[in-house]
Number of protein chains: 6
Amino acid sequence: MLRPIRITRSFTQTPAGSVLWQQGNTVVFCTTSVTPGVPPWFKPDQPGGWITAEYVMLPGSTPQRKAWPKTGHTDSRGTEIQRLIGRALRGVIDLSRIGPHTLAVDCQVLQADGGTRTACISAAYVSLCDALAKLPRELPAPAPNAKFDPRVVNKDYNPAQALTDQLAAVSVGIVNGQVELDLDYIKDSNASVDMNVAYTKSGKFVEIQAAAENGQGFDRVAVNQMLDAAVKGCEEIMAIQTESLQAK
Amino acid sequence: MLRPIRITRSFTQTPAGSVLWQQGNTVVFCTTSVTPGVPPWFKPDQPGGWITAEYVMLPGSTPQRKAWPKTGHTDSRGTEIQRLIGRALRGVIDLSRIGPHTLAVDCQVLQADGGTRTACISAAYVSLCDALAKLPRELPAPAPNAKFDPRVVNKDYNPAQALTDQLAAVSVGIVNGQVELDLDYIKDSNASVDMNVAYTKSGKFVEIQAAAENGQGFDRVAVNQMLDAAVKGCEEIMAIQTESLQAK
Amino acid sequence: MLRPIRITRSFTQTPAGSVLWQQGNTVVFCTTSVTPGVPPWFKPDQPGGWITAEYVMLPGSTPQRKAWPKTGHTDSRGTEIQRLIGRALRGVIDLSRIGPHTLAVDCQVLQADGGTRTACISAAYVSLCDALAKLPRELPAPAPNAKFDPRVVNKDYNPAQALTDQLAAVSVGIVNGQVELDLDYIKDSNASVDMNVAYTKSGKFVEIQAAAENGQGFDRVAVNQMLDAAVKGCEEIMAIQTESLQAK
Amino acid sequence: MLRPIRITRSFTQTPAGSVLWQQGNTVVFCTTSVTPGVPPWFKPDQPGGWITAEYVMLPGSTPQRKAWPKTGHTDSRGTEIQRLIGRALRGVIDLSRIGPHTLAVDCQVLQADGGTRTACISAAYVSLCDALAKLPRELPAPAPNAKFDPRVVNKDYNPAQALTDQLAAVSVGIVNGQVELDLDYIKDSNASVDMNVAYTKSGKFVEIQAAAENGQGFDRVAVNQMLDAAVKGCEEIMAIQTESLQAK
Amino acid sequence: MLRPIRITRSFTQTPAGSVLWQQGNTVVFCTTSVTPGVPPWFKPDQPGGWITAEYVMLPGSTPQRKAWPKTGHTDSRGTEIQRLIGRALRGVIDLSRIGPHTLAVDCQVLQADGGTRTACISAAYVSLCDALAKLPRELPAPAPNAKFDPRVVNKDYNPAQALTDQLAAVSVGIVNGQVELDLDYIKDSNASVDMNVAYTKSGKFVEIQAAAENGQGFDRVAVNQMLDAAVKGCEEIMAIQTESLQAK
Amino acid sequence: MLRPIRITRSFTQTPAGSVLWQQGNTVVFCTTSVTPGVPPWFKPDQPGGWITAEYVMLPGSTPQRKAWPKTGHTDSRGTEIQRLIGRALRGVIDLSRIGPHTLAVDCQVLQADGGTRTACISAAYVSLCDALAKLPRELPAPAPNAKFDPRVVNKDYNPAQALTDQLAAVSVGIVNGQVELDLDYIKDSNASVDMNVAYTKSGKFVEIQAAAENGQGFDRVAVNQMLDAAVKGCEEIMAIQTESLQAK
């Protein structure tokens, strides 16, 4: 039911994490860049670091070219999506353990055939694993905007253990009355409901977003069927993530 | 469990619908303006009209003043919210029945104490009822951008019947392990999950958005408990809406 | 001649001052928020605080919906008006007496039927009175960007006495050759001159703005007649302000 | 009392009107460009044309460089000023007589030493005279957006007679208790009132803008004294304009 | 001397042309999207179509993350580069032969290690070949904004022959007094001159841009040496392009 | 072959350098403003100062009015040009010798008849000479953002010697097969190649930009002919610059 997934880690070398994620005809490219220091709005004594996510669709990612927005680099749909991605990632990372670093997860859609936002979450998790593995094991040097006393040993600092859980996401919907997993664009256009679920190895949800489409609501039975399918789909994706992460 | 709700219809007279909605200390002001014609991207033979939603927080709506964004009039959170409001409304309106009109639902937060997005959806429904009641019963004159043949009687046109269902929304969360309905700001800040649900009179969901907060995921049991509470809350709100709509 | 005025103080509770001002069918909502500290461009040894004003028309405030501007949150007319409001307020406040605080006066037009800019000035004065009454009587703690030595007692600091005069504003015009006070939209559209006057209890002008409309200039006699009417109107408004302020 | 004025007409040749206006150390460069057609918001049967004004300060016009605004090309002060200039010009031009043309008056401040907005109005009048003299005497060909029937002779069309009056403007203020005409920057900074007046040959005002400065209001006596001085100043400027216009 | 080049055509399937171009550690992704119709500023009787180019660096393309610009999607350097790319492409395409189509060439830098702008030009040429091969051989249907008379056979229309020449580009510089071809980032940072050359199969230049770096000018001898090296480099690249294009 | 050049130094008095440069019908106005301190991105121990350039075309500079861009103050062509001007100037100035100052060179096109970018470079050089002559001969006081120890005598500081070479620029092209120097608009529109060259007194190039126009490439012979003409043109312009600079 899940479309075939192909993960290419270290697709580029500049960022700490760089993942090309192909899921059916959907292709997303996800990088994680590490910058020393924390955002300016951190309180002086706030420990740890921060993580942000951005989502853009490249102009050639759709059959009819998607022009860049007039102002900014992503449109209102992209804004909604990158907030979803950021929240999902913050659900599985203990920011107090990454020291004064800012992790920027940049998700670029190279080809859009449905399910790009959930593919980005799944890819971002892999990219994050690679990035955190490159952070120094020692406590980092003090960074701009970060309150940091080098004389105090921070026992909590351990980027390798900052990820508290494994994370994957998948889309699910109801097409012609049937629950369908991992919808491509055609199916998505014909669905009466569209649900996106981010789920963890330990069996917890971090995000559920379900929306009626085409003027049709959905009942409690549909919710349950979709959640069942999504959990199964996320578990499959996590197995593929694990295989890829163990490969190198 | 639901905070006290007070609805003032026709708070102002300029727009077709104008509702002041107070729910606990949350105050939102929601107007529905009707413009003849359809958006420029409508296809030439696309029947009916369109509905949009915008959400802004006024600067004085929060204890610490919320400055207007540098560019535009709403920030990324507001963008996410107004997309949610628009989708929820489109879930209960048959746009083919409103003729070539564009309905603009403008939601302004005057005071924010949690649950502003769901209050806006509930208020927007009332505002929409008032606005649709003012649309002409006769087929409207042809409008800009609208393909319209006055010789053909459009039996489907009936704005009073354009609303296919009644709509309300409420927030629900888990605070200290307990399911809580209609969270105020303090409770919302302490919740481990935050769920927003838009639900209809006929027992259908149109939107479910649940997000883990403070790094804690939630399990299937929590999903079910929250949906139970949300459905009950929405039913109560719909009763209050109905009472208000029958008053005049 | 003046349209009926109704003032609701503490319309909301979040900001320090919150006034709903109805004048005929014109409805403006004016809040004053207090932020510790001064603007970044203050000179290091510049005493006191600052006050700013913003003016926006909500989309539903006009019969034909007024869309938000493409960039920013107010258009060029709004920019002109908020500069007028800010100057008028700065004309009656001794900024050296408010300590290192920034007062933000936000004027929102809920319904526009002429005279919104002068209604905002009159409402802002009431909102400012309420806000200043909430500032601490003691010297405030040092704030960001403010040079402040807590060992030195600042005898000038007394927010309750920071307002040096009472302020009201009104519009006046010449319609069909007759001087008319407090023009609604219809009269304003037919006026040959439009004048806005901000005037104080002690009998001083702080702002006069008169503009020929519809290609017709105005002579010295008209100037004098309009000023006479405006002074009388402002005095009436100040009586209404005083009554409202004494009510609580 | 008026600072020396030097007018260079046809300073450049590209636009229809091009005036370099030096008044003391204030130097403004004002061009009038003519574009066939009317703005898109003109009603289909609206006769005549339109006029707009823009005002920018070049970065080198002030001792401390004035950076371009982050967005757009003029700041909020410039926005307020260009609205004043546009209104003043529309006060002396019969737009129904200029046919379907849009006149764009662009005012650039090359050196700012007080009174730039009034210098721009005075200069724009001269620039407008030159531009109108270049419009064809015959009825123009139909233009984009303009309803125009070439078979009907439009007897009202006569660009040379479109200007209904002569226009000049000047600033006046009260410095150290004395009324002063045509304030330079130093005097302007020390004034307790600042008034800008646009006045016509036939003895009509088209704009009066008076603002209290430095927290000091002004009384009716001051208003009268300033208007007296302004009228005299405008009359002098009109004589200089006339001399320049007759020179070629 | 040239870094190893690897060309992957049809890297994605949505756009008409899609090329992944790796040159040393520089990786660019170039797509060509075809949209029916011509830009709105085309004159009514202007034959043929148009081509545009855009250039963006993805945030993860540099070791230190390159944030998206605050407004828009490319910065001033990107603006300069995309103008260069567009001009170079327009130098080898006969736009009158592509019918009423707009070709959008989107160049995205995935990894930046010097020479990204010239890599984009070389990649864009390949992408353009693939895109033009997919345009219909028959005269296209009339498109928006295009004057088009289907009764007239347009003998000039032949997209396959629209490319008038083959195009490649390369960077060249002088490092430590030696001419170096195809500079990576380290060499580029140490160069005293940086030259970018776009050159064709028929031995013509379409673009030469040479700039002194680090405050050192360059003489005529250096110009000649750099042009010699660039021509040789472009010829090598064109051989690699041809090999790739013949592969399918 | 070069069009007549007329240089007016100190055209205005506010900025440190102010040059009106007329070359044929092209008129540019170039100012150099000096601001104490260095840009925020300077490294703490980075010596010397910085120089920037901006280029705008005033709306009246072209026969058909050139509207200001919707966002910002210059368009993509202007962005490309101001980067060229800035690089050219940085090619002849030793920034370590100007102390902690930022020089802002503002180029405004008053009338455009071809060759505006090269006229700006030539004018900027004169403007820069005047500005540097006004910098204090003594070491300047410490400035914001600048690491500066007043106890250490900086022997390198000497603004009068900061210019390492004399700079001029000229355009050259091939029109009807003939090399032409200093093209006006008509010639430029008909050229098959357009080359801009910035050249110094000591016989070095700092910028060469050549672009094929109208789909025609150019060969090596053309490059050489154009460089020959450009060098001769720049030498003539430098003689005129020198004459102007010696005049006062």
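Note that the coordinates shown come from a computational prediction; the quantities given were computed from them, not determined experimentally. (Residues numbered from 1 in each chain as written. Chains lettered and ligands numbered in written order. Predicted model: local features only at pLDDT ≥ 70, side-chain atom pairs only at ≥ 80, totals over all residues. Heavy atoms only, no water.)

Draft legend 1. Seen up close, the packing of aromatic side chains. According to the stated counting rule, one finds 42 aromatic pairs over all chains in the structure shown. Ring centres of W41(D) and W50(D) lie 5.0 Å apart, and the angle between their planes is 90°; this geometry places the pair in the edge-to-face category. Clustering of aromatic rings is evident, with ring pairs tying together F11(A), F29(A), F11(E) and F29(E). (Phe/Tyr/Trp six-rings, centres within 6.5 Å; stacked < 30°, edge-to-face > 60°.)

Draft legend 2. The arrangement of the interface of chain F and chain E in detail. Across the boundary between the two partners, chain F contributes 27 residues, which contact 27 residues of chain E. Together, the buried faces of chain F and chain E total about 2,500 Å²; carbon and sulfur atoms form 49% of this surface. One can count six salt bridges joining chain F with chain E. Here R83(F) makes a salt bridge to E80(E), at a shortest N to O gap of 2.8 Å. Taken together, the connections running from chain F to chain E amount to 16 residue pairs in polar contact (both at pLDDT 80 or more). Of all elements in the fold, only α1 (76-90), β9 (205-212) and α4 (220-246) of chain F reach the threshold of two or more residues within the side of chain F that touches chain E. Per-element tally for the side of chain F that touches chain E: the top contributor is β9(F), with eight residues. Looking at the side of chain F that touches chain E, its residues break down into nine nonpolar, eight polar and 10 charged. Taken together, the five bridges between strand β9 (residues 205-212) of chain E and β9(F) define a ladder with antiparallel strand orientation. In the sheet register, A210(E) faces β9(F), and the bridge partner there is I208(F). (Contact = heavy atoms within 4.5 Å. Buried area = accessible area lost by both parts, 1.4 Å probe. Salt bridge = Lys/Arg side-chain N within 4 Å of Asp/Glu carboxyl O. Polar contact = N/O pair within 3.5 Å; in protein donor to acceptor, adjacent residues only side chain to side chain. Helix = DSSP H or I, 4+ residues; strand = E, 2+ residues; numbered from the N terminus. Nonpolar A, V, L, I, M, F, W, Y, C, P; charged D, E, K, R; others polar. Pairing = 2+ DSSP bridges.)

Draft legend 3. How the structure looks around the side chain of T31(B). Turning to its location among the elements, T31(B) is positioned in strand β3 (residues 26-36). Residues within four places of T31(B) in sequence aside, it is in contact with P15(B), G17(B), S18(B), A104(B), V105(B), D106(B), S127(B) and G60(C).

Draft legend 4. Geometry of the pattern of salt bridges. Throughout the structure, instances matching the rule amount to 78 salt bridges over all chains. In this structure, E207(A) and R87(A) form a salt bridge, with 2.6 Å as the shortest nitrogen-oxygen distance. One end of the pair, E207(A), is in strand β9 (residues 205-212); the other, R87(A), is in helix α1 (residues 76-90), and 120 residues separate them in sequence. E207(A) gets classed as buried once you look at its relative accessible area, which sits at 1%. Bridged by salt links that share partners, the residues E80(A), R83(B), R87(B) and E207(B) form one connected network. (Buried < 20%, exposed > 50% of the residue type's maximum accessible area, 1.4 Å probe, protein only.)

Draft legend 5. Molecular detail of the relation of the copies chain F and chain E. Placing chain F over chain E gives an RMSD of 0.0 Å and needs a rotation angle of 180°, together with 0.0 Å of translation along the axis. Both copies of the chain, as the preceding transformation shows, are related through a two-fold rotation axis. Both copies contact each other with a shared surface, as 100% of the interface residues of chain F are interface residues in chain E too. (Least-squares fit on C-alpha atoms with pLDDT ≥ 70 in both.)

Draft legend 6. Representation of the relation of the copies chain B and chain A within the structure. Note on the copies: chain B fits chain A at an RMSD of 0.0 Å, the axial shift is 0.0 Å, and the rotation between them is 180°. Comparing interface residues between copies, 100% of those in chain B also lie at the interface in chain A; the contact surface is shared.

Draft legend 7. Layout of the confidence of the model for chain A. Residues of chain A with pLDDT of at least 70 account for 91%, and the chain-wide mean is 91. On the interface metric, ipTM, the complex scores 0.92, and its pTM is 0.92. (pLDDT = per-residue confidence, 0-100.)

Draft legend 8. Focus on the arrangement of the chains. There is a gap between chain B and chain D: no contact, and a shortest C-alpha distance of 9 Å. Regarding chain C and chain E, the two do not touch, and the least distance separating their C-alpha atoms is 11 Å.

Draft legend 9. View of the sheet that holds strand β2 (residues 17-23) of chain E. All names here are of chain E. Taking strand neighbours across the sheet as the criterion, the five strands line up as β1-β2-β3-β5-β4 in an open arrangement whose pairing is mixed. On the outer flanks of this sheet lie β1 (5-9) and β4 (50-57), each paired with one strand and no other. On average, adjacent strands in this sheet sit at an angle of 15° to one another, irrespective of strand direction. Pairing geometry for strand β3 (residues 26-36) and strand β5 (residues 101-111), over 10 bridges, is antiparallel. In the sheet register, T35 faces β5, and the bridge partner there is T102. The strands touched by helix α2 (residues 116-134) within the sheet are β1, β2, β3, β4 and β5, with β3 carrying the most contacts at an inclination of about 40°. (Axes fitted to C-alpha atoms, helices over the stretch in contact; angles between N-to-C directions.)

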